[in-house]
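Take a look at the letters that make up each chain.
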Amino acid sequence: SNPRALGHGTLLDGRVTPGAAATAARGERHLLPREVVLTPDPNSGFGMTLRDDALGFLREITPGGAADQAQITTLDQLLAVNDVSVEGLTHEGVLEMLFAAPGPVRLLLIKALHRTN
């Protein structure tokens, strides 16, 4: 298969790109993406709200909801849904991807160094 690059130095299949290795060798802080499988609740959905800016950042996490139980926070940035990058998609496009998936979804997330409102 031919995985698509997601930026941040990591490919969808989890391999680290040469650029990320060089960053690590220089001792710079580098955050690795993590995968979370999220099953929407029939009543409250995924338990998270995306910001409207199409950057994949999360605005709100519902306490006790599916995202909260999966330890997703507002410092997380969504990179991919079911191995499909969300880069370049509109807010509505990301929502369509999330809700088009039947059952659980695989989210690729990365922690932001700090929260940007």
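Notes on the structure follow.

Rules used in this analysis
- Residues numbered from 1 in each chain as written.
- Predicted model: local features only at pLDDT ≥ 70, side-chain atom pairs only at ≥ 80, totals over all residues.
- Heavy atoms only, no water.
- Phe/Tyr/Trp six-rings, centres within 6.5 Å; stacked < 30°, edge-to-face > 60°.
- Helix = DSSP H or I, 4+ residues; strand = E, 2+ residues; numbered from the N terminus.
- Pairing = 2+ DSSP bridges.
- Contact = heavy atoms within 4.5 Å.
- Axes fitted to C-alpha atoms, helices over the stretch in contact; angles between N-to-C directions.
- Salt bridge = Lys/Arg side-chain N within 4 Å of Asp/Glu carboxyl O.
- Buried < 20%, exposed > 50% of the residue type's maximum accessible area, 1.4 Å probe, protein only.
- Polar contact = N/O pair within 3.5 Å; in protein donor to acceptor, adjacent residues only side chain to side chain.

### Notes on the packing of aromatic side chains
Within this structure, the stated rule accounts for one aromatic pair. For the ring pair Phe46 and Phe99, a centre distance of 5.5 Å and an interplane angle of 55° mean the geometry is tilted. With Phe46 in the loop between β1 (34–38) and β2 (48–50) and Phe99 in helix α3 (residues 91–100), this pair connects stretches of sequence that are 53 residues apart.

### So, the sheet that holds strand β4 (residues 76–81)
In spatial order, the strands read β1-β6-β4-β5; together these four strands make up an open sheet with antiparallel pairing. Across the chains shown, the open sheet's two edge strands, defined by having one partner strand only, are β1 and β5 (84–85). Sheet analysis places β4 next to β5, joined by two bridges and oriented antiparallel. Each bridged residue has a counterpart across the sheet, and for Ala80 the counterpart in β5 is Ser85. With respect to the sheet, α3 is in contact with β4, β5 and β6 (105–111), its orientation differing from that of β4 by roughly 65°.

### Overview of the pattern of salt bridges
For the structure shown, the criterion picks out five salt bridges. For Glu35, the salt bridge is made with Arg106, and the minimal N-O distance between the two is 3.8 Å. Separated by 71 residues along the polypeptide, Glu35 in strand β1 and Arg106 in strand β6 bring together distant segments of the chain. A salt bridge links Arg106 to Asp83, with the nearest nitrogen and oxygen atoms 2.4 Å apart. Taken together, the positions of Arg106 in strand β6 and Asp83 in the loop between β4 and β5 put the pair 23 residues apart, joining distant regions of the chain. Residues joined by salt bridges that share partners form a network here, namely Arg34, Asp76 and Lys111.

### Regarding the environment of Arg106
On the accessibility criterion, Arg106 (30% relative accessible area) is partly exposed. Separated by 25 residues in sequence, Arg106 and Val81 have C-alpha atoms that sit 5.7 Å apart. Contact partners of Arg106, with chain neighbours within four places excluded, come to Glu35, Val36, Val37, Ala80, Val81, Asn82 and Asp83. Reaching out from Arg106, the side chain makes a polar contact with the side chain of Asp83 at a distance of 2.4 Å.

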